[in-house]
Amino acid sequence: NRPAYIFDLDGVLVDTAVFHYQAWKRLANQLGFDFTVAQNEQLKGVSRVESLEKILDWGGVSKTEAEKLALAQQKNDWYLEMVAQMTASDLLPGVLDFLGQASSAGKKISLGSASKNAPLILEKTGIARFFDAIVDGNEVTLSKPNPEVFLCAARKLGFPPEDCLVFEDAEAGVAAAIAGGMDVIGIGEEGALPEANVLVSDLSKLLQEK
Ligand code: BG6
Ligand code: MG
């Protein structure tokens, strides 16, 4: 029963993993190698630049810094073509009601995401209004599992870490929350995220009875 809630974006509020997958796969194929769903799993919570580094590594390809910049830009352009089509129907189950109940209950709410596209996605899906603070990949340099993104969100909301509850779907994100001294609700299938305090398949499982 914490006064402050911090939400990861991709995989917790919206299902963008498949968009990331398609854009990275297109890039990998263009470079002459494949990119699997299992590899995509390992990129959850990982920043765009670090994701690219891993993919090039997996493909056994090396690129200059300037080329990497262009490749990351290309991937993001393809990703944004898909994001442009997003609406409230792309929210994961229970998200709208859960955010509504939390804000009615007086919770302070922040985003804690590695994505630089977070503000756009919150606008497209119509949930920006629920957020008292936003911390995303535009202002945080240290990637999860470093706790910086969540500590920064706690600071913006004006609460110490122990008053914050984090909602995460990535292993690295759960580790980041724990490193920051916060409890964490894992979003995932049974058996996933063993370090999370509680595991649910989606936010609809946490709704108060009406
Ligand atoms: C995270 C996703 O939320 O954001 C990662 O889980 C993604 O897959 C990262 O790479 C960065 O996203 P973006 O939108 O800045 O490319
Ligand atoms: Mg996520």
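Located above this text is the structure these notes cover.
Residues numbered from 1 in each chain as written. Chains lettered and ligands numbered in written order. Predicted model: local features only at pLDDT ≥ 70, side-chain atom pairs only at ≥ 80, totals over all residues.

I'd like a rundown of the nonpolar core, residues and numbers included.
Residues Leu13, Phe150 and Val166 are the most contacted members of the largest nonpolar core, which totals 44 residues. Going through the elements one at a time, strand E1 (4-7), helix H5 (95-104), helix H6 (118-124), helix H7 (148-157), strand E4 (164-168), helix H8 (171-179) and strand E5 (183-187) are the ones with two or more residues in this core. Examining the composition of this core, we find that 7 residues originate from one element, H7, more than from any other. Setting aside its immediate chain neighbours within four residues, Leu13 contacts Phe7, Leu91, Leu92, Val95 and Ile127. In terms of nonpolar packing, the next biggest core, distinct from the first, is built from 9 residues, Ala28, Phe35, Ile55 and Tyr79 among them. (Core = buried A, V, L, I, M, F, W, Y, C linked by C-beta atoms within 7 Å. Buried ≥ 20, exposed ≤ 12 C-beta atoms within 10 Å, placed from the backbone. Helix = DSSP H or I, 4+ residues; strand = E, 2+ residues; numbered from the N terminus. Contact = placed C-beta atoms within 7 Å.)

Please set out the site of ligand 1 residue by residue, giving values where relevant.
The environment of ligand 1 is made up of 17 residues, and the closest members are Asp10, Arg48, Ser115, Lys116 and Asn117. When the residues that make up the shell around ligand 1 are grouped by side-chain class, the tally is 4 nonpolar, 9 polar and 4 charged. (Near = placed C-beta within 6 Å. Nonpolar A, V, L, I, M, F, W, Y, C, P; charged D, E, K, R; others polar.)

I'd love a proper account of the pairing of E1, names of residues and values included.
Residue alternation in E1 divides its side chains into two sets, Ala4 and Ile6 and Tyr5 and Phe7, and both sets are buried. Pairing of E1 with strand E2 (residues 108-112), which is carried by 4 bridges, proceeds in the parallel orientation. Directly across from Tyr5, in E2, lies its bridge partner Ile109. Pairing analysis gives 4 bridges linking E1 to E4, with the strands arranged parallel. For Tyr5, the partnering residue across the bridge sits in E4 and is Leu165. (Pairing = 2+ DSSP bridges.)

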